[in-house]
Amino acid sequence: QAVEIYRPVKAYGNYCFQGEDVEKGVFMDLTKSQICKAAKGLFNEKGYQAVSMRQIAAAAGISLGTLTYHYAHKQDLMGAIMDSTIKTFPATAPQDIGGLCLLLKQLLESIADSPFYFNDPSIYRSVPQLQTQNYANVGHLFELFETALKDMAMNGLFVPELTDMRIHQLTMVLMLSHTGWSQYNSSRSHQQAISLEEMLAAQWAVLYPYLTPKRKK
């Protein structure tokens, strides 16, 4: 519920709210967002295993007690980051070439935003809770891509030779290419890294032969 403009302004970090009756939940959401942003930056810079809760609290500009109030353990915070990332993806598969392109680009962008998530498999091996969550997230994305390709093949956007088995194989290639791209770039200089645009073009080079002649124009 919006707060009346006549009441005094309340400041919270970089955010300002008008009125003294701002919901406590608003502040809590902002704090959680602030924490996740700080944690993600540190994880990308130092790696998940090397970052302590105290470092995250300092980077977020809050006390350690405030941090543990929201996230009792580092794996809880990591789980929240994973959850917020997967929620940005569509719930249903795209039905056209433009939608598939956007989905491929979105996954590349999410990897570029959080490379630590893909470059350190020990995160998941060491914490069963995160491994389970990661399996579920990867499963959702795999299903999105595979369903999109199947639906587009049924709608005549791909040639008949694109069977269900070939679609499954293409989906595996697309999914693995994302993590491979991240891991390749993590070991290269900025000048040697493959750009997002180059990677997206490479993925379409794999899909292009299966487009119908009309769709290739």
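Our subject is the structure that appears above.
Described in the following lines is the structure provided in the data block. (Residues numbered from 1 in each chain as written. Predicted model: local features only at pLDDT ≥ 70, side-chain atom pairs only at ≥ 80, totals over all residues. Heavy atoms only, no water.)

Quick look at the packing of helix α5 (residues 97-113) against helix α8 (residues 128-154)
Formally: Here the axes come from fitting lines to C-alpha atoms, over the contacting stretch only for helices, and the angles between their N-to-C directions go from 0 to 180 degrees. Helix numbering and strand numbering both begin at the N terminus, where a helix is a DSSP run of H or I of at least 4 residues and a strand a DSSP run of E of at least 2. By the definition adopted for this analysis, an angle is roughly parallel if under 35 degrees, roughly antiparallel if over 145, roughly perpendicular if from 65 to 115, and oblique otherwise. What makes a crossing left-handed is the near helix being turned counterclockwise from the far one by less than a right angle; a clockwise turn instead makes it right-handed. Between two residues, a contact is recorded if the distance between any of their heavy atoms is within 4.5 Å. As a working rule, the residues Ala, Val, Leu, Ile, Met, Phe, Trp, Tyr, Cys and Pro are called nonpolar, Asp, Glu, Lys and Arg charged, and the rest polar, with Gly in that last group.
With their axes 11 Å apart at the nearest point, α5 and α8 run at an angle of 160° to one another. In this view, α5 runs roughly antiparallel relative to α8, as classed from their interaxial angle. Crossing handedness for the pair α5 and α8: left-handed. Of α8, the residues touching α5 (which contributes Ile97, Leu100, Leu103, Leu104 and Leu107) are Leu141, Leu144, Phe145, Ala148, Leu149 and Met152. For the contact of α5 with α8, the class distribution of residues is 11 nonpolar, no polar and no charged.

Some details on the packing of aromatic side chains
The condition that has to hold: Between rings of Phe, Tyr and Trp, where Trp is taken as its six-membered ring, a pair exists when centres lie within 6.5 Å; planes separated by under 30 degrees are stacked, by over 60 edge-to-face, and by other angles tilted. Remark: exposure states derive from per-residue accessible area (1.4 Å probe, protein chains only) relative to the maximum for the residue type, with buried under 20%, exposed over 50%, and partly exposed in between. We call a charge positioned above a ring when the Lys NZ or Arg CZ atom is no farther than 6 Å from the ring centre and deviates by at most 35 degrees from the ring normal.
Inspection of the entire model under this criterion finds 3 aromatic pairs. Seen in terms of ring centroids, Tyr117 and Phe118 are 4.8 Å apart; in terms of plane orientation they differ by 55°. Their pairing is tilted. With respect to class, Tyr117 is no different from Phe118; both count as buried. Feature note: the residues Phe43, Tyr48 and Phe116 constitute an aromatic cluster, connected by ring pairs. Here the basic side chain of Lys74 rests over the ring of Tyr48, its NZ or CZ set 4.4 Å away from the ring centre.

Regarding the side chain of Thr171
With respect to the helices, strands and loops of the structure, Thr171 is situated in helix α9 (residues 164-186). Apart from residues lying up to four places away in sequence, Thr171 is in contact with Phe142, Phe145, Glu146 and Leu149.

Topic: helix α10 (residues 196-207)
Selection criterion: Given the number of residues in a helix, its expected span is that number minus one, multiplied by 1.5 Å. Think of the arc as the fan of directions from the helix axis to the C-beta atoms.
Under the 1.5 Å per step criterion, the end-to-end length of α10 is 17 Å for 12 residues, consistent within 8% with the ideal 16 Å. Residues of α10 that are buried: Leu196, Met199, Leu200, Gln203, Trp204 and Leu207. Viewed along the axis of α10, the buried residues span an arc of 140°, placing them on a single side of the element. Check the buried side of α10 and you find it contacts α5, α8 and α9.

Points about the environment of Glu109
Considering the arrangement of structural elements, one finds Glu109 in helix α5. A C-alpha to C-alpha distance of 7.5 Å links Glu109 and Leu196, two positions 87 residues apart in sequence.

Comments concerning helix α4 (residues 74-86)
The end-to-end C-alpha distance of α4, which contains 13 residues, comes to 19 Å, matching closely the 18 Å that a straight helix rising 1.5 Å per residue would cover. Listed in full, the buried residues belonging to α4 are Lys74, Leu77, Met78, Gly79, Ile81, Met82 and Ile86.

Concerning the layout of surface pockets
Over the atoms, a rolling probe the size of a water molecule traces out where space has been left empty. Our working definition: Definitions used for this entry: grid spacing 1 Å over protein atoms alone; cavity, a set of points where a 1.4 Å probe fits but cannot get out; pocket, an open set with protein on both sides within 12 Å along at least 5 of 7 lines; lining residue, one with an atom within 4 Å of a point. Grid points are joined across faces, edges and corners, and a volume is the space filled by probe spheres set on the points.
For the largest pocket, the calculated volume is near 460 Å³. Lining the largest pocket are 23 residues, with Phe118, Asn134, Val138, Met175 and Thr179 positioned closest to its centre. At the level of elements, α4, α5, α6 (116-119), α8 and α9 are the ones that each hand at least two residues to the lining of the largest pocket. Taken together, the residues of the lining of the largest pocket sort by class into 15 nonpolar, 8 polar and no charged. Estimates place the volume of the second largest pocket at around 230 Å³. In this structure, the second largest pocket is lined by 15 residues; those nearest its centre are Ala112, Trp181, Asn185, Ser186 and Ala193.

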